[in-house]
Amino acid sequence: MSVIPIFKKSALSTECDQCGVLFDLMHGGVCDRCQRILCRTHLHGSWLRRLRVDLGAPSTCVDCRAGRTPAPPPKRSRPGAPPPAR
Ligand SMILES: [Zn+2]
Ligand SMILES: [Zn+2]
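Residues numbered from 1 in each chain as written. Chains lettered and ligands numbered in written order. Predicted model: local features only at pLDDT ≥ 70, side-chain atom pairs only at ≥ 80, totals over all residues. Heavy atoms only, no water.

A separate point is the environment of E15. Locating E15 in the fold gives a position in strand β1 (residues 13-15). When its relative accessible area of 39% is taken as the criterion, E15 is described as partly exposed. For the pair formed by E15 and I37, sequence separation is 22 residues and the distance between their alpha carbons is 7.5 Å. (Helix = DSSP H or I, 4+ residues; strand = E, 2+ residues; numbered from the N terminus. Buried < 20%, exposed > 50% of the residue type's maximum accessible area, 1.4 Å probe, protein only.)

Here we come to the nonpolar core. Residues C16, F23, C31, C34, I37, L38, C39, L43, C61 and C64 constitute the largest nonpolar core, which totals 10 residues. In terms of residue count, the dominant contributor to this core is strand β4 (residues 37-39) (3 residues). Excluding residues within four positions of it along the chain, C39 makes contact with C16, C19, V21, F23, H27 and G28. (Core = buried A, V, L, I, M, F, W, Y, C linked by side-chain atoms within 4.5 Å. Contact = heavy atoms within 4.5 Å.)

Turning our eyes to something else, we now look at the pattern of salt bridges. Scanning the model with the defined rule gives 3 salt bridges in all. The salt bridge partner of D63 is R36, with a shortest N-O separation of 3.4 Å. In this pair, D63 is assigned in helix α3 (residues 62-65) and R36 in the loop between β3 (28-30) and β4, connecting sequence segments 27 residues apart. Comparing D63 with R36, the two get one shared label, buried. Among the salt bridges present, the one from D63 reaches R68, with a minimum N-O distance of 2.7 Å. R68 gets classed as partly exposed once you look at its relative accessible area, which sits at 47%. Where salt bridges share partners, they join R36, D63 and R68 into one cluster. (Salt bridge = Lys/Arg side-chain N within 4 Å of Asp/Glu carboxyl O.)

With that settled, consider a nonpolar patch on the surface. A grouping of W47, L48, L51 and L55 is seen on the molecular surface, where their side chains present a nonpolar patch of about 510 Å² in accessible area. Locating L51 in the fold gives a position in helix α2 (residues 47-54). Look at L51 and you get partly exposed, because its relative accessible area is 40%. (Patch = residues over 30% accessible without salt bridge, like charges linked within 9 Å, V, L, I, M, F, W, Y side chains within 5 Å. Areas by Shrake-Rupley, 256 points an atom, 1.4 Å probe, with all protein chains shown as cover.)

Everything listed here is a matter of coordinates, which is why it stays silent on function.
What follows is the structure, encoded as structure tokens:
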């Protein structure tokens with residue numbers, strides 16, 4: 001055994017701002033409107049919506065599309081993130 005599986009663990013996994021589940025960024029994304037990082041369940045809601053986003057629709061999360069004001073992202077130390085404006 002000489003090959004070390006360095007890339008076995010995805011470097012693109014992150015937590016959903018809504019439910020906190022760890023997901024691969026390939027299966028979710030950032031909402032255009034509220035800027036939250038969301039798993040595909042909370043960003044797209046359904047595979048049909050996901051398909052439309054793949055075809056060029058804006059990736060707006062379930063809450064924003066429903067007209068709800070989503071809770072702000074939980075406080076988290078994100079490198080490079082600007083301090084919250086007051
Ligand atoms: Zn989620
Ligand atoms: Zn949103």
